[in-house]
Amino acid sequence: MDEHYAININRQICSGARTVAGIIAKELGISVYDKTLLKSASDASGFRREFFAKSDEETSRKSLRSLFLTHLTEGGLSHNYMSNESMFKLQGDAIRDIHARENCIFIGRCASYILRDSDRILNVFLTADAEDRIRRVCSTRQCTERQARNLIEDADRKRASYFNYFTGRNWGDAATYHLCLSTSAFSEEECAGIILNIARKKLGI
């Protein structure tokens, strides 16, 4: 049995995942890893963090490679070639390294797939009604409902394509996760409580 556990949260954009993860992390006294993984991966590779941030969750090999070529021109990185598979591997190595040394929560980054061989993981998918997601986007980005809807559709499409491409699984498919919850059906606090109860039983916390 693995020494440490991981709660892996996949989510639709603006479904309240960061709030839910924060509540769980505070209760358990553990860290949440999301874009902080980019620093670990970029430090290991020598690439600028901005490159990983822009290439993260893109849709295909073509788009990732185009993005890389753009940065070759913009950033003078012609001496540093890295395929999208290599970038995914670096983030995977960072996830496995963190999981080996501490209990934690991962948001996105295909952590549920990367840690699939671990016997101490809980994979969760969070969703929310379109109206609630649009409201969150409008309040944080000061945009119109139409702009928020377009942003959500685009982000979810890219997120699904990224996950499906690298894992061979279907993003959002209930069979891929141990638990699926809606922050519209339950409050963020209630979702966190449900996840905590199941995590304590499944992971032996």
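Residues numbered from 1 in each chain as written. Predicted model: local features only at pLDDT ≥ 70, side-chain atom pairs only at ≥ 80, totals over all residues. Heavy atoms only, no water.

Colleague: Mind showing me how you'd approach the pairing of strand S3 (residues 104-107) here?
Modeller: Every second residue of S3 is oriented toward a common face, with Cys104 and Phe106 on one face and Ile105 and Ile107 on the other, all of them buried. Sheet topology note: the strand S1 (residues 6-11)/S3 ladder contains 4 bridges and is parallel. Each bridged residue has a counterpart across the sheet, and for Asn8 the counterpart in S3 is Phe106. As defined by bridge partners, strand S2 (residues 31-33) adjoins S3 across 3 bridges and the pair is classed as parallel. Considered in S3, the bridge of Tyr33 is made with Phe106. (Buried < 20%, exposed > 50% of the residue type's maximum accessible area, 1.4 Å probe, protein only. Helix = DSSP H or I, 4+ residues; strand = E, 2+ residues; numbered from the N terminus. Pairing = 2+ DSSP bridges.)

Colleague: For this particular structure, what's the right way to read unusual backbone geometry?
Modeller: Of all residues except glycine, most have a negative phi; of all peptide bonds, most are trans. In this structure, Cys110 is a non-glycine residue whose phi angle is positive, near 60°. On the secondary structure map, Cys110 appears in the loop between S3 and helix H6 (111-114). The exposure class assigned to Cys110 is buried, which follows from its relative accessible area of 3%. One non-glycine residue, Gln142, lies in the positive phi region at around 55°. Counting through the fold element by element, Gln142 comes out in the loop between helix H7 (130-141) and helix H8 (145-167).

Colleague: It is not clear to me how the sheet that holds S2 should be interpreted in this structure. Could you clarify?
Modeller: Strand pairing in a sheet is mediated by backbone hydrogen bonds. Such pairs are either parallel or antiparallel. Taken in spatial order, the 5 strands line up as S2-S3-S1-S4-S5 in an open sheet, and their pairing is parallel. Of all the strands in the sheet, the pair left with one neighbour each is S2 and strand S5 (179-182). The sheet shows a mean angle of 25° between the axes of neighbouring strands, direction not considered. The strands touched by helix H5 (residues 84-101) are S1, S2 and S3; relative to S3, the strand with the most contacts, the crossing angle is about 160°. (Axes fitted to C-alpha atoms, helices over the stretch in contact; angles between N-to-C directions. Contact = heavy atoms within 4.5 Å.)

Colleague: Quick question: what am I supposed to make of the packing of H7 against H8 here?
Modeller: Each pair of packed helices can be described by the angle between their axes along with the distance between the axes. It is at 9 Å that the axes of H7 and H8 come closest, and there the two elements cross at 110°. Classed by the angle they form, the pair H7 and H8 counts as roughly perpendicular. Read as a crossing pair, H7 and H8 show a hand that is right-handed. Where H7 abuts H8, its residues Arg133, Ile134, Val137, Cys138 and Arg141 lie against Glu145, Ala148, Arg149, Leu151, Ile152 and Asp156. Of the residues contributing to the contact of H7 with H8, the split by class is 6 nonpolar, no polar and 5 charged. (Parallel < 35°, antiparallel > 145°, perpendicular 65-115°, else oblique. Left-handed = near helix turned anticlockwise from the far one by under 90°. Nonpolar A, V, L, I, M, F, W, Y, C, P; charged D, E, K, R; others polar.)

Colleague: It is not clear to me how the packing of aromatic side chains should be interpreted in this structure. Could you clarify?
Modeller: Working definition: an aromatic ring pair is given by the centre-to-centre distance plus the angle between the planes. As enumerated under the stated definition, the model contains 7 aromatic pairs in all. When the ring of Phe125 is compared with that of Trp171, the centres are 5.3 Å apart and the planes differ by 80°; the resulting orientation is edge-to-face. Taken together, the residues Phe125 in strand S4 (residues 121-127) and Trp171 in the loop between H8 and S5 connect sequence positions 46 residues apart. Of the two residues, Phe125 and Trp171, both sit in the buried class. Here the aromatic rings of Tyr162 and Phe166 are separated by 5.1 Å at their centres, their planes lie at 65°, and the arrangement is edge-to-face. Residue Tyr162 and its partner Phe166 are located together in helix H8, separated by 4 residues, close to a single helical turn. When sorted by exposure, Tyr162 lands in the same class as Phe166, which is buried. Of the aromatic side chains, those joined through ring pairs into one cluster are Phe88, Tyr162, Tyr165 and Phe166. Here the basic side chain of Arg116 rests over the ring of Tyr113, its NZ or CZ set 3.9 Å away from the ring centre. (Phe/Tyr/Trp six-rings, centres within 6.5 Å; stacked < 30°, edge-to-face > 60°. Lys NZ or Arg CZ within 6 Å of the ring centre and 35° of its normal.)

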